[in-house]
Amino acid sequence: EEHAQPLAVEWFEAPDEVGRALDRYVALERTTWKGDAGFSVGGTAEQRGFYRDLVDRSAPKGRVAICFLRSGRDDAAAALIFRSINVVYGSQICYAPEFGKFSPGIVLNVEIMKRHFDSHFTAFDFLALQGGTTDGRFRENWATESQQLATITIFKRGFRDRLYRIEKRIHRAKERMFASRRNEVE
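Residues numbered from 1 in each chain as written. Predicted model: local features only at pLDDT ≥ 70, side-chain atom pairs only at ≥ 80, totals over all residues. Heavy atoms only, no water.

Some points on the packing of aromatic side chains
- Evaluated as defined, the whole model comprises two aromatic pairs.
- The interplanar angle of 80° and the centroid separation of 5.9 Å between the aromatic rings of phenylalanine 12 and phenylalanine 68 together place this pair among those described as edge-to-face. One end of the pair, phenylalanine 12, is in strand β1 (residues 7-12); the other, phenylalanine 68, is in strand β2 (residues 64-71), with 56 residues separating them in the sequence.
- Here the aromatic rings of phenylalanine 50 and tyrosine 51 are separated by 5.2 Å at their centres, their planes lie at 85°, and the arrangement is edge-to-face.
- Its relative accessible area of 8% is what places tyrosine 51 among the buried residues.
- In this structure, arginine 24 packs its charged tip against the face of phenylalanine 68, placed 3.9 Å from the ring centre.
- Positioned over the ring face of tryptophan 11 is arginine 115, at 4.2 Å from the centre of the ring. (Phe/Tyr/Trp six-rings, centres within 6.5 Å; stacked < 30°, edge-to-face > 60°. Helix = DSSP H or I, 4+ residues; strand = E, 2+ residues; numbered from the N terminus. Buried < 20%, exposed > 50% of the residue type's maximum accessible area, 1.4 Å probe, protein only. Lys NZ or Arg CZ within 6 Å of the ring centre and 35° of its normal.)

In structure tokens, the structure reads:
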């Protein structure tokens with residue numbers, strides 16, 4: 001009621017559309033707290049180039065979409081998503097600060113999921129929400145299941161492999177030492 005503008009969602013998926021949509025995404029992102037941050041899509045020339053190349057390569061295969069939540073004539077939020085096999089990946093999302101109290105990012109995520117409900121996609125992965133203490137809670141609010149992830153690192157036998165193994169041994173020894181100190185304190 002407080003914000004009486006009509007909301008609309010715009011989708012850009014065609015190879016000839018996503019490039020312009022990426023520029024529009026970056027323009028909106030630059031008005032946010034992400035601005036020139038090194039992790040944002042448009043934060044550095046290298047990041048812009050990386051995402052431009054990724055979008056240009058993914059668009060002809062139908063693996064990328066950029067969507068905007070519009071409030072009247074203004075962009076309220078935007079999301080960059082990637083698709084692979086049966087998963088939709090929420091790569092990046094941003095929203096205009098003046099719309100923050102209306103949670104436009106959440107509204108846009110709902111619209112993204114609704115669009116994919118009746119398709120072959122079976123999961124939505126919040127890639128943009130990694131780390132931090134509150135991010136996990138946010139993901140859990142949306143989740144119907146969780147999956148344990150593992151990291152596997154493979155090195156060719158040689159100097160790097162030996163360094164990696166030594167570093168892992170040192171890390172495990174430190175963990176054991178701190179665990180035993182915690183047990184002594186308790």
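Digging into unusual backbone geometry
- You will see that isoleucine 85, though not glycine, has its phi angle at about 50°, which is positive.
- With respect to the helices and strands, isoleucine 85 occurs in the loop between β3 (74-84) and β4 (87-95).
- For serine 103, which is not a glycine, the phi torsion comes out positive at approximately 50°.
- When you line up the elements, serine 103 lands in the loop between β4 and α3 (104-117).

Describing the confidence of the model for the protein
- On average, residues of the protein score 83 in pLDDT, and 86% of them reach the 70 mark or higher.
- By mean pLDDT, the top-scoring element of the protein is β2 (94), and the lowest-scoring one is helix α4 (residues 133-142) (58). (pLDDT = per-residue confidence, 0-100.)

Observations concerning the environment of histidine 120
- Following the sequence through the fold, histidine 120 ends up in the loop between α3 and β5 (123-125).
- Its relative accessible area of 52% is what places histidine 120 among the exposed residues.
- With 34 residues separating them along the chain, histidine 120 and asparagine 86 place their C-alpha atoms 6.1 Å apart.
- The residues touching histidine 120, leaving out its near neighbours within four places in the chain, are Ile85 and Asn86.
- Here isoleucine 85 takes part through its backbone oxygen, which lies 3.1 Å from a polar atom of the side chain of histidine 120. (Contact = heavy atoms within 4.5 Å. Polar contact = N/O pair within 3.5 Å; in protein donor to acceptor, adjacent residues only side chain to side chain.)

With respect to the packing of helix α1 (residues 15-29) against helix α2 (residues 45-58)
- As a packed pair, α1 and α2 sit with axes 10 Å apart at the nearest point and diverge in direction by 150°. It follows that α1 is roughly antiparallel to α2 by the angle criterion. In this structure, the crossing between α1 and α2 has a hand that is right-handed. Judged by residue contacts, Val18, Gly19, Leu22, Asp23 and Val26 of α1 engage Arg48, Tyr51, Arg52 and Val55 from α2.
- A breakdown of the residues in the contact of α1 with α2 according to their chemical character gives five nonpolar, one polar and three charged. (Axes fitted to C-alpha atoms, helices over the stretch in contact; angles between N-to-C directions. Parallel < 35°, antiparallel > 145°, perpendicular 65-115°, else oblique. Left-handed = near helix turned anticlockwise from the far one by under 90°. Nonpolar A, V, L, I, M, F, W, Y, C, P; charged D, E, K, R; others polar.)

Things to note about the sheet that holds β5
- Across the sheet, which stays open at both edges, the five strands sit in the order β1-β2-β3-β4-β5 with mixed pairing between neighbours. Strands at the two margins of the open sheet, each flanked by one partner only, are β1 and β5. Across the sheet, the mean angle separating the axes of adjacent strands is 25° when strand polarity is ignored.
- As paired strands, β4 and β5 are joined by three bridges and run parallel to one another. Opposite tyrosine 89, over in β5, you have aspartate 125 as the bridge partner.
- Sheet contacts for α2: β2, β3 and β4; angle to β3, the most-contacted strand, approximately 60°.
- Of the strands in this sheet, β1, β2, β3, β4 and β5 touch α3, which is tilted by about 40° from β3. (Pairing = 2+ DSSP bridges.)

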